Number of protein chains: 4
Amino acid sequence: MSSRRHFMKQSAVLGMAGLVQPFGSLAAGRDTSKQSSWADGSRLVVSISMQFESGGQPDNAESPFPNNMLPGFRDLPGATWYAYGYKEGVQRMLDNWDRFDVKVTSHMVGSAVLKHPEVAKEIVQRGHEAAGHGMDWTTQYNLPYEQEKQFIADGADAIRKVTGFNPVGYNANWLRRGENTLKILQELGFTYHIDDLSRDEPFIIQVNNKDFAVVPYTLRCNDILLIEGKHFSTDQFLKQVKMEFDQLYEESARRRRQLSISFHDRIGGTPQMVKATAELLQYIQGHKGVSFKRKDEIARMTLADKTSIRE
Amino acid sequence: MSSRRHFMKQSAVLGMAGLVQPFGSLAAGRDTSKQSSWADGSRLVVSISMQFESGGQPDNAESPFPNNMLPGFRDLPGATWYAYGYKEGVQRMLDNWDRFDVKVTSHMVGSAVLKHPEVAKEIVQRGHEAAGHGMDWTTQYNLPYEQEKQFIADGADAIRKVTGFNPVGYNANWLRRGENTLKILQELGFTYHIDDLSRDEPFIIQVNNKDFAVVPYTLRCNDILLIEGKHFSTDQFLKQVKMEFDQLYEESARRRRQLSISFHDRIGGTPQMVKATAELLQYIQGHKGVSFKRKDEIARMTLADKTSIRE
Amino acid sequence: MSSRRHFMKQSAVLGMAGLVQPFGSLAAGRDTSKQSSWADGSRLVVSISMQFESGGQPDNAESPFPNNMLPGFRDLPGATWYAYGYKEGVQRMLDNWDRFDVKVTSHMVGSAVLKHPEVAKEIVQRGHEAAGHGMDWTTQYNLPYEQEKQFIADGADAIRKVTGFNPVGYNANWLRRGENTLKILQELGFTYHIDDLSRDEPFIIQVNNKDFAVVPYTLRCNDILLIEGKHFSTDQFLKQVKMEFDQLYEESARRRRQLSISFHDRIGGTPQMVKATAELLQYIQGHKGVSFKRKDEIARMTLADKTSIRE
Amino acid sequence: MSSRRHFMKQSAVLGMAGLVQPFGSLAAGRDTSKQSSWADGSRLVVSISMQFESGGQPDNAESPFPNNMLPGFRDLPGATWYAYGYKEGVQRMLDNWDRFDVKVTSHMVGSAVLKHPEVAKEIVQRGHEAAGHGMDWTTQYNLPYEQEKQFIADGADAIRKVTGFNPVGYNANWLRRGENTLKILQELGFTYHIDDLSRDEPFIIQVNNKDFAVVPYTLRCNDILLIEGKHFSTDQFLKQVKMEFDQLYEESARRRRQLSISFHDRIGGTPQMVKATAELLQYIQGHKGVSFKRKDEIARMTLADKTSIRE
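Residues numbered from 1 in each chain as written. Chains lettered and ligands numbered in written order. Predicted model: local features only at pLDDT ≥ 70, side-chain atom pairs only at ≥ 80, totals over all residues. Heavy atoms only, no water.

Let's shift gears to the overall build of chain A. A tally of regular secondary structure across chain A gives eleven helices and ten strands. For chain A, the proportion of its 311 residues judged to be buried stands at 65%. Expressed as a percentage of contacts within chain A between residues at least 6 apart in sequence, the contacts between residues at least 24 apart total 73%. Accessible surface for chain A amounts to roughly 11,000 Å². Of this, 51% is attributable to carbon and sulfur atoms. (Helix = DSSP H or I, 4+ residues; strand = E, 2+ residues; numbered from the N terminus. Buried < 20%, exposed > 50% of the residue type's maximum accessible area, 1.4 Å probe, protein only. Contact = heavy atoms within 4.5 Å. Areas by Shrake-Rupley, 256 points an atom, 1.4 Å probe, with all protein chains shown as cover.)

Here it is in structure tokens:
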């Protein structure tokens, strides 16, 4: 009990002296006593993803249907569930982004781009960012170095060839990069990746002794996690992301904060989800100082900012 | 980075010239710059399913009870859960459809029809469509051609014999048609199927070199998926389908749109679900230009319409 | 297509002649053209269960904790989760029933009664019904006739001995009665069972050539199914049961209807659930003509009523 | 039926004589006819946990990511999900506690403390309680006596060394203490544990023939159970805990009641959860007589109170 008593005394002293430390002052190895902010004057940056993957999925890919196909047969309705993504979902979201004058980042699976080039092209032509998402739906963390490099490069080539956009950002399948992924991305000219959930703002890491940006992704404002994984209804999705925004907006008065929201063609593109998204965007845009940015913009701003967090 | 810069320039040009393409203009291989509409002047068509399956299920069929019966024993309470469908569920829904003057499509499992012909008959006598749903609850995608044909024909015969209604629409168990299903349906005189989730409006495909209608079904406004699969509460079901309606109603000002909602006798027919459905129908009917249509009507209208989407 | 056309014609005739049948007229083999009602003049009967089981559960019984105990060890926190039932849950619910002047039915596991006789006794002394729930938590559907008879009789004896109440109603573990259960219950002097979900009102069946009452139970207004099984939040539970009530209340103007709600000591007895229940009871009691009845009363009324449904 | 009739008579007598027993009078072997209260005059005590565990988890620990890593590879995004706890989560919660002037208890895993001492230190420096949570994430219920003792002592040493705080409370991994745990805790000078869900107030047990306090924990107001386990949205969490508070606050007029709420660094520390928590605290603080207490205070008050429940 002695050290307990010791603490009580120490604590009282701290209290009297007003020495209780402000937010984050001791944590994570950096001095945040100076408040941080976005270089362009934004109060809060909102970063939206619209992943384009459908059409590129393997046969009998996971879907809302029971995962019990007999061997040798194709899950035909499952394939139509995915087809919704390129036939309806992307288009509906594109219209919604236009309605709210928002530009987003679209991580594109190479095989989806090649199967439906017109969809990939339209995304880019309407002002959105095309980013890398691998050549197909395979896990890549277990690939040997050269194979993984080819896998990433092929996906980027598909995007470049079809859309004319040079991808500089990367998202691995299920975020599962391997030990070599970042080195490969740096070698291939990528400037940022998103497969990190550790912060509510972008930061800089060293890869191959050079700066590389991390623009954090989200699971908790992510349609595939919430709608298909956790079985949220669309009004739950809306309420939860609103609460996320409320808190980050409040914090952004004192500190650089980023809200990340993620959609996937066949899920975020349904009427009920676009309705939820429209209500969300209307709510967010009712607040001053919020800017919507593509992840390439965020990465560029972060890399150029001397006050960015470095790890 | 060169193609990246190239894009920024190109994008700017596009922006200045106002060349950003309107909705859907490049996608899915068809010209939708002309707005589409329903041939009968409806603004939005709502298509409701009321599947009649209970009584025809196999012993120890999947239910809310734990799936752990010892071999050789019957799941007696599970059977009463299904019995609710023909003893209470269908009747309650029929009354609700009458209350709102709505006609629906009932895909009927042949074995259920034979077990409870009075239920099947009443559905038809009250003005609803009887459609095919196979002879029993077996998967059909793995059946050889002739066996599958018999399976479909037997189910249709049961419906015809009992109700006097000739089914022209088809729904496979869990939507899982096989590679031969559509050919067989075309041969047997069916005019449409619903085992497709790829669009928010009906379309035409070629089967045996003849037109065949696809009237898309739904998972996201489907009681079995949401209530039993995703464990939604009934108010979540109501909110989600309302959001689906809101968005489709908005889009239907510019384009042919269909809202599909699906119920199953033992699930959609509970008091809490019929309460939700009544609130939903009241909400929907408060909007101008919405018509509720049976799927046979939608298929007929689609097949006769030169502007229908063709795939 | 001929029978299709035939139907359209027939349907039109039916419509013109006003021959569309009223609710339930053809279904389930009985004439319901005459509206049904409760013998005692109640408009709607609400039947609440408060199952008393905790303390009687086997070691390492299923709980919210991960089901992964190493063999040979006891799940100590799991046991405290159950203990909540007899230490807090039942008491809180009893107070709530008193507050709203409601009497309920408590199906009691024999082993729980013997472990905590003071709880069982208090339930009965405060005016509630004690009913059979087997001697312990074992499945009974697979027991040989004599063993099952002993199992049921032992549980009933425990209740009689401890509470002085002679149980006349029965609920099998997970509702899973076997092929012999009803015969045994009839032999042992029980007058009703609840392991049936097929109707929203009680009915009479023949067991050993004598009348036996079925007082239907519920999964969709059941705390263990919704809170522990489907992971509802307590406000979802409240909303869903309210919707169930709304619809049944509406129907009860024309027909005999029963609302069944079920609680279990360790789940329904938590503060959050009792709060939900209190709001629910307040809502229900704001409607005229609703009576809350114990299941023994419902069974007695049903058996004495010539207009009861017979199957 | 004779004992049934007997009961009805007896029950009537009880009713007439007004002998129905008040709350809890017969249960759980203690006389509660005298109302209980908190020694310090609080009406209701709220006890919040903020578990500090992240950084100390084993490789590929359970996370929202699919649990399907190929052997020999590290789940890199999973690790960033945990890192959120010490990089953002704890800091945000600490600010929130300050905003509402609330002190909490932080059960700290030893390995997390050693990995991120600055976080552990700040928690203590801002006035919160550091409590034991084992040396790492291993299950301890299966350890031999001496090994388990070392495991607990090592964790406590880490806390003492890093924070200067002497932990007196304990929480086992997943609450799963073993048969020896309490004896060891008593020997090591701990004064309370929380791995018990059986009551809504603290109580005293005998361990090694000495008093030991039990300060009950919660699953039903617990972020890891509700958000990650049951997949609640954050508004569901908020609503459910509010309902828990409402009922306990009502009961606390007559009886000593404790509300326990639990957070974990990487879950309770997200923006959406801190928003929910802020709304919750605002709601609670709008009620008179509520005090927020650290569990060491509650244990001390309980052990010193002659009216504490003893088991």
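What follows is about the UniProt feature "domain: NodB homology" (unreviewed entry) in chain A. In this structure's numbering, the residues bearing the UniProt feature "domain: NodB homology" (unreviewed entry) are residues 75-293 of chain A. In the segment residues 75-293 of chain A, helix accounts for 50% and strand for 15%; the C-alpha atoms at its two ends are 38 Å apart. (UniProt positions renumbered as here; feature names shortened; annotations may be inferred.)

This part takes up the interface of chain D and chain C. If you look at the interface, chain D gives 51 residues, while chain C gives 54 residues. Across the chain D to chain C interface the summed buried area is about 4,600 Å²; carbon plus sulfur atoms make up 55%. Between chain D and chain C we count eight salt bridges in total. The partner of Glu179(D) in a salt bridge is Arg74(C), and the shortest N-O contact between them spans 3.2 Å. Our count for the contact surface shared by chain D and chain C stands at 20 residue pairs in polar contact (both at pLDDT 80 or more). Breaking the side of chain D that touches chain C down by element, the ones donating at least two residues are helix 1 (2-17), helix 7 (223-229) and helix 8 (234-251) of chain D. Broken down by element, the side of chain D that touches chain C gets its largest block of residues, nine residues, from helix 8 of chain D. In terms of residue class, the side of chain D that touches chain C is built from 20 nonpolar, 13 polar and 18 charged. (Buried area = accessible area lost by both parts, 1.4 Å probe. Salt bridge = Lys/Arg side-chain N within 4 Å of Asp/Glu carboxyl O. Polar contact = N/O pair within 3.5 Å; in protein donor to acceptor, adjacent residues only side chain to side chain. Nonpolar A, V, L, I, M, F, W, Y, C, P; charged D, E, K, R; others polar.)

Once that is clear, we can look at the interface of chain B and chain C. Listed by partner, the interface residues are 54 residues for chain B and 50 residues for chain C. Buried surface at the junction of chain B and chain C, both sides included, amounts to about 4,600 Å², of which 55% is carbon and sulfur. Considering only the surface of chain B that becomes buried against chain C, Lys87(B), Gln125(B) and Gln272(B) emerge as the three largest contributors, covering 14% of it. Between the two partners, chain B and chain C, sit nine salt bridges. Among the salt bridges present, the one from Lys87(B) reaches Glu311(C), with a minimum N-O distance of 2.6 Å. The tally of links between chain B and chain C comes to 20 residue pairs in polar contact (both at pLDDT 80 or more). Secondary structure elements with two or more residues in the side of chain B that touches chain C: helix 2 (76-99), helix 4 (117-125), helix 7 (223-229), helix 8 (234-251), helix 10 (271-285) and helix 11 (295-304) of chain B. Sort the elements by how many residues they give to the side of chain B that touches chain C and helix 2 of chain B lands first, with 13 residues. Classifying every residue of the side of chain B that touches chain C gives 22 nonpolar, 14 polar and 18 charged.

Residues and elements named next belong to chain C. Because side chains alternate across strand 2 (residues 105-108), one face comprises the buried residues Thr-105 and His-107, and the other comprises Ser-106 and Met-108, equally buried. One ladder, built from four bridges, connects strand 2 with strand 3 (residues 129-132); its direction is parallel. In the sheet register, Met-108 faces strand 3, and the bridge partner there is Gly-132. (Pairing = 2+ DSSP bridges.)

It is worth spelling out the pattern of salt bridges at this point. Evaluated as defined, the whole model comprises 127 salt bridges over all chains. The salt bridge involving Lys230(C) is made with Glu228(B); its shortest N-O contact spans 3.9 Å. Residue Lys230(C) is found in the loop between helix 7 (223-229) and helix 8 (234-251), and its partner Glu228(B) is found in helix 7; the two belong to separate chains.

Now for unusual backbone geometry. One non-glycine residue, Asn209(C), adopts positive backbone phi at about 65°. Considering the arrangement of structural elements, one finds Asn209(C) in the loop between strand 6 (203-207) and strand 7 (210-214). One non-glycine residue, Leu175(D), lies in the positive phi region at around 65°. Within the fold, Leu175(D) resides in the loop between strand 4 (169-170) and helix 6 (181-187).

Here we come to the relation of the copies chain D and chain C. Under the fitted operation, chain D is carried onto chain C by 0.0 Å of movement along the axis and a turn of 90°, and the coordinates agree to an RMSD of 0.0 Å. One copy is carried onto the other by what is essentially a four-fold rotation axis. A share of only 6% of the interface residues of chain D reappears at the interface of chain C, consistent with the copies meeting through non-equivalent patches. (Least-squares fit on C-alpha atoms with pLDDT ≥ 70 in both.)

What follows deals with helix 4 (residues 117-125) of chain D. Of the positions making up helix 4 of chain D, those classed as buried are Glu118(D), Val119(D), Ala120(D), Glu122(D), Ile123(D) and Val124(D). In the segment just after helix 4 of chain D, Gly127(D) is the residue with positive phi, at about 100°.

Here the focus is the relation of the copies chain B and chain C. Each copy superposes on the other: chain B lies on chain C with an RMSD of 0.0 Å after a rotation of 90° and an axial shift of 0.0 Å. In this assembly the copies use different faces: only 6% of the residues contributing to the interface of chain B also contribute to that of chain C.

Residues and elements named next belong to chain C. Among the eight residues in strand 1 (residues 44-51), eight count as buried, and that is most of the element. Burial along strand 1 is two-sided: the face carrying Leu-44, Val-46, Ile-48 and Met-50 and the face carrying Val-45, Ser-47, Ser-49 and Gln-51 are both buried. Across eight bridges, strand 1 lies against strand 8 (residues 257-264) in parallel orientation. Looking at the pairing, Gln-51 lines up with His-264 of strand 8.

Moving on, we come to the packing of helix 8 of chain C against helix 10 (residues 271-285) of chain C. Residues and elements named next belong to chain C. Where helix 8 meets helix 10, the closest approach of the two axes is 9 Å, and the angle between their N-to-C directions is 25°. As far as their axial angle goes, helix 10 and helix 8 are roughly parallel. Helix 8 and helix 10 meet at a crossing whose hand is right-handed. On helix 10, the residues touching Thr-234, Phe-237, Leu-238, Val-241, Lys-242, Phe-245 and Asp-246 of helix 8 are Gln-272, Met-273, Ala-276, Glu-279, Leu-280, Tyr-283 and Ile-284. (Axes fitted to C-alpha atoms, helices over the stretch in contact; angles between N-to-C directions. Parallel < 35°, antiparallel > 145°, perpendicular 65-115°, else oblique. Left-handed = near helix turned anticlockwise from the far one by under 90°.)

Let us now look at the nonpolar core. Residue and element names in this part refer to chain A. One finds Ile-48, Phe-52, Trp-97, Met-108, Ile-261 and Ile-284 to be the most contacted residues of the largest nonpolar core, which totals 71 residues. Counting residues per element, this core draws most heavily on helix 2 (residues 76-99), which supplies eight residues. Not counting residues up to four positions away in its chain, the partners in contact with Ile-284 are Val-46, Phe-245, Leu-259, Ile-261, Val-290 and Phe-292. (Core = buried A, V, L, I, M, F, W, Y, C linked by side-chain atoms within 4.5 Å.)

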